[in-house]
Amino acid sequence: MKKFSVLLVALMSVPMLYSQTDLRIYDIINNVSAERIEKDVTKLVNFGTRHTLSDTISQTRGIGAARRWIKSEFEKISSECSDCLDVFYQKNLVPKGDNARIVHDVWVVNVVAMQKGTKYPNRYIIMSGDIDSRVSDPANFTSDSPGANDNASGMAGTIEAARVLSKYKFESSIIYVGLSGEEQGLYGGKGLAEYAKEQGWDIVGILNNDMIGNITGVDGVVSNRDFRIFSEPVPPTETEQQRNARRFYGGEVDGISRQLARYVYTTTKTYMPEMNPMMIYRLDRFGRGGHHRPFNDAGFAGIRIMEAHENYTQQHQDIRVEDGIAYGDKLEHVNFGYAKKLTAVNAINLASIAWAPPAPTTVEIGGIVEPNAKLRWSKVEGAVGYKIYWRDTTSPTWDNARYVGDVTEFVLEGIVLDNFFFGVAAVGKDGHESPVVFPNKVFR
Ligand SMILES: [Zn+2]
């Protein structure tokens, strides 16, 4: 009998430690609703314009009415989870002439909903969409500007993720935020990133959603499976010393935003294998911008999640017909089933990160002129073990992994340091992992 119970305990503990999948993640995917996203995108479009400089007094038109509705929606979600969300406005005054698109003084107002973590309340993973919209002239704040795909889709996805995830408790905090002033010069993201620094938030990263609803591309491709994950290679805040060290120890394509991109890629491949995530090795589209950038500028990890096939006749356009082409970012062009999928991609990554322990702060690598690679790292409170990842130097993804248990150093025998890149992630009790940390120290 004793033997049997020992075996039983051993068997029971195996899936806890080594399972690749958490069934709750599939529930999260299934609970994201295309119908609710459609309802919310429609509601946002019906504010006529959500231009950052538009009317703030009307109850039915303009960005004021839109942000009040978003706030009330977050409050409604909170009331259904015993006030699990702290909902507030975070705002900054931008003076007239700050750039050519700011034609009068304006309060750039973000709507923040914060779901506090049970164990690491000051550690945050953020999902963002944008409140504001624009037409051909970025300073035109009165014309109809539905902004259905750009970016009511990202905003609605963010609200929907809050609905689904507020049914769960997480160890780390999740922030759902509607950012404003995007089209005027990324003002909302800049304001919130500065606020986060003042507040001392420990930010794991931001998943910025900007246009997650178009499946019919100007390139002729129609696909409800492809989507893009943009990430910059290394932080713009790195020091000259860090830049120099990269020449000798590597890391040119291994900054914190890139690791977050790989994390989203892997989680998607694991739980939503029907999707085709495309990691794009650049900050954003060629010469264009998005609200993850101000977070990157402040030294935080941040990526942009968006459709793979854009249609430029339906972005930043006055509603009109010209040479037989119907221009405008209208509701009819948004595919809600696709927006649901990309919302689910966000939700499962927010959940995985918020259920995972923090990443090790220090990862050291050694083994120069030796046959074995050696790694050691700082212990993470709450981790049940660690996973060492490595890959060919030409590979975009962490293709090799070894779970090494609850230790803080390990020797990979027969793996020569020179021929691979390495990293370490912390693993929590339900199998969820932190993002991978690229070595930030060398030892001999
Ligand atoms: Zn835009």
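Structure: see above.
Attention in this report is confined to the structure presented alongside it. Everything quoted here is computed from the prediction, not taken from an experiment.

Each value, and the rule that gives it
- Residues numbered from 1 in each chain as written.
- Predicted model: local features only at pLDDT ≥ 70, side-chain atom pairs only at ≥ 80, totals over all residues.
- Heavy atoms only, no water.
- Pairing = 2+ DSSP bridges.
- Helix = DSSP H or I, 4+ residues; strand = E, 2+ residues; numbered from the N terminus.
- Donors = N, O, S within 2.8 Å, 3.2 Å for Na, K, Ca; no water.
- Buried < 20%, exposed > 50% of the residue type's maximum accessible area, 1.4 Å probe, protein only.
- Phe/Tyr/Trp six-rings, centres within 6.5 Å; stacked < 30°, edge-to-face > 60°.

1. Things to note about the sheet that holds strand β15 (residues 409-412)
No. 1: With respect to topology, 4 strands assemble into an open sheet ordered β15-β12-β11-β17, the strand pairing being mixed. Lying at the two open borders of the sheet, with one neighbouring strand each, are β15 and β17 (441-442).
No. 2: Judged from the 2 bridges that link them, strand β11 (residues 363-366) and β17 form a sheet pairing that is parallel. In the sheet register, I365 faces β17, and the bridge partner there is V442.

2. Topic: the coordination of the zinc ion
No. 1: Protein coordination at the zinc ion comes from D150 (OD), E183 (OE) and H316 (NE2), with a distance range of 2.0 to 2.2 Å.
No. 2: The sequence pattern formed by the donor residues of the zinc ion is D-x32-E-x132-H. With E183 in helix α6 (residues 182-185) and H316 in the loop between β8 (302-307) and β9 (320-322), this pair connects stretches of sequence that are 133 residues apart.
No. 3: In this structure E183 comes out as buried when scored by relative accessible area, which is 5%.
No. 4: Here H316 falls in the buried class, since its relative accessible area comes to 19%.

3. Side note on the packing of aromatic side chains
No. 1: Per the stated rule, a full pass over the model turns up 13 aromatic pairs.
No. 2: Aromatic pair Y168 and W355: ring centres 5.7 Å apart, planes at 85 degrees, arrangement edge-to-face. One end of the pair, Y168, is in the loop between α5 (148-165) and β4 (172-179); the other, W355, is in helix α11 (residues 336-355), and 187 residues separate them in sequence. As far as burial versus exposure is concerned, Y168 and W355 are alike and both buried.
No. 3: Between F295 and F300, the aromatic rings sit 6.4 Å apart at their centres with planes inclined by 45 degrees, giving tilted as the arrangement.
No. 4: Classification of F300 by relative accessible area gives buried; the value is 11%.

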